[in-house]
Amino acid sequence: MEPLAVAVQDCRRGDVQAGKSVLVLGAGTIGILCMMTAKAMGVTNVCITDVVEDRLKLAKELGATHTLMTQSRDLDTVTNEIEQLMGEAPDVTIECTGNNWCQRLAIQTTVPSGVVVIVGYGDPEATLPLAVAAQKQITLKPAWRYDRFCYPIAIDLVSSGRVNVKPLITHTFPLRQTNEALNMAASRNPGVLKVMVQCDVE
């Protein structure tokens, strides 16, 4: 439930709602949950990007309108690919990677007067095209975890069936294999998203 509360906070920071288009950069757990939360909030045009095909396949199965494997490192090329897929520049971009190149892409790709939500944290300092942000009047909104309103919303999204978090749990371990579970979670191997340790009495 905690990662979904984070996604709720991220979408609320971006004022995500029906009628807006949303781009999510990064199809890890938080990115996919942001996509699912945006859909639950009424958004019908959501694109999610990543460099791992399996994650994009899962995102598509869970409701992403569009997915994009970002193979090029040219900002203009990827911006054009996103706009062609979505049919427009996104109103809101939620950056979930912490990668500086993706942070720059978020500013470049978002529609003028749009919102970029900074979710992923990488280096403590980053170089951003602030002149572009100023010229486009982009609103930059950092997001940090969640506030007291997010958990009740997350619980409601799950209990009502609007968000199904179960497919994100890719591996399950018994309590006695906690070390193996932690190693699996830290491996970042293809096919690994959320690793769960079950505390049932054995």
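Criteria and thresholds
Every chain is numbered independently, its residues counted from 1 as its sequence is written. Confidence filtering applies because this is a predicted model: local features only for residues at pLDDT of at least 70, side-chain atom pairs given and counted only at 80 or more, and all residues used for totals across whole chains, interfaces and linings. Values reported for side chains reflect all heavy atoms of the structure, with hydrogen atoms and water molecules removed beforehand. Ring pairs shown here join Phe, Tyr and Trp side chains whose ring centres sit within 6.5 Å, with only the six-membered ring taken for Trp; geometry is labelled stacked below 30 degrees between planes, edge-to-face above 60, and tilted in between. Helix and strand definitions here come from DSSP, where helices need a minimum of 4 consecutive H or I residues and strands a minimum of 2 consecutive E residues; each element is numbered from the N-terminal end. Summary of the burial criterion: residues with accessible area below 20% of their type's maximum are buried, those above 50% are exposed, and those between are partly exposed, where the area comes from a 1.4 Å probe applied to protein chains only. Each ring is checked for a lysine NZ or an arginine CZ that lies within 6 Å of its centre and within 35 degrees of its normal; such an atom marks a charge sitting over the ring. Should any heavy atoms of two residues lie within 4.5 Å, those residues are counted as being in contact. In this scheme, strands are said to pair when DSSP sees at least two bridges between them. Each axis is a line fitted through C-alpha atoms, and for a helix only the stretch in contact is used; angles between axes span 0 to 180 degrees, taken between their N-to-C directions. With the strands pointing away from the viewer, any crossover whose connection runs clockwise from the first strand over the helix to the second is right-handed.

Colleague: A description of the packing of aromatic side chains should follow, citing residues and the corresponding values.
Modeller: Counted by the stated rule, this structure contains two aromatic pairs. A ring pair is formed by Tyr121 and Trp144, whose centres lie 5.7 Å apart and whose planes are at 90 degrees; its orientation type is edge-to-face. Taken together, the positions of Tyr121 in the loop between β5 (115-118) and α6 (130-136) and Trp144 in the loop between β6 (139-142) and α7 (150-159) put the pair 23 residues apart, joining distant regions of the chain. Note on Trp144: relative accessible area 54%, which makes it exposed. If you follow Arg73 out to its NZ or CZ, it ends over the ring of Trp101, 4.3 Å from the centre.

Colleague: Describe helix α5 (residues 100-109), listing the residues and the values that go with them.
Modeller: In terms of residue burial, α5 counts as a mostly covered element, since seven of its ten residues are buried. Turning to α5, its buried residues number three or more, namely Trp101, Cys102, Gln103, Leu105, Ala106, Ile107 and Thr109. Summarising the contacts, the buried residues of α5 are in contact with β1 (21-25), α4 (75-86), β4 (92-95), β5, α6 and β6.

Colleague: Go over the side chain of Gln9 with me, naming the residues and quoting the values.
Modeller: Mapped onto the fold, Gln9 is located in helix α1 (residues 2-13). We classify Gln9 as buried; its relative accessible area is 10%. If near-sequence neighbours (up to four positions away) are discounted, Gln9 is found in contact with Trp144, Arg145, Tyr146, Asp147 and Cys150.

Colleague: Residues and numbers for the sheet that holds strand β3 (residues 66-69), please.
Modeller: The strand order across the open sheet formed by six strands is β3-β2-β1-β4-β5-β6, and the pairing between neighbours is parallel. Pairing within the sheet leaves two strands with one partner each, and these edge strands are β3 and β6. Strand-to-strand twist in this sheet, taken as the mean axis angle between neighbours without regard to direction, amounts to 15 degrees. Of the strand pairs in this sheet, β1 and β4 are connected by four bridges, and their pairing is parallel. Counted as the bridge partner of Val24 is Ile94 from β4.

Colleague: With reference to specific residues and values, describe the pairing of β4.
Modeller: Of the two faces of β4, the one carrying Val92 and Ile94 and the one carrying Thr93 and Glu95 are both buried. Note that β4 and β5 share four bridges and pair parallel. Counted as the bridge partner of Val92 is Val115 from β5. For the crossover from β4 across α5 to β5, the handedness is right-handed.

Colleague: Talk me through the side chain of Thr37; I want residue IDs and the actual numbers.
Modeller: When you line up the elements, Thr37 lands in helix α2 (residues 29-40). With a relative accessible area of 0%, Thr37 lands in the buried category. When residues no more than four places from it in sequence are discounted, the contact partners of Thr37 are Leu4, Ala7, Val8, Cys11 and Leu157.

Colleague: Residue-level account of the environment of Leu157, with values.
Modeller: Along the polypeptide, Leu157 turns up in helix α7. A relative accessible area of 4% means that Leu157 is categorised as buried. Along the backbone, Leu157 and Ala40 are 117 residues apart, and their C-alpha atoms lie at a distance of 7.6 Å. Ignoring any residue separated from it by four or fewer positions in sequence, one finds Leu157 in contact with Leu4, Val8, Thr37, Ala40, Arg162 and Val163.

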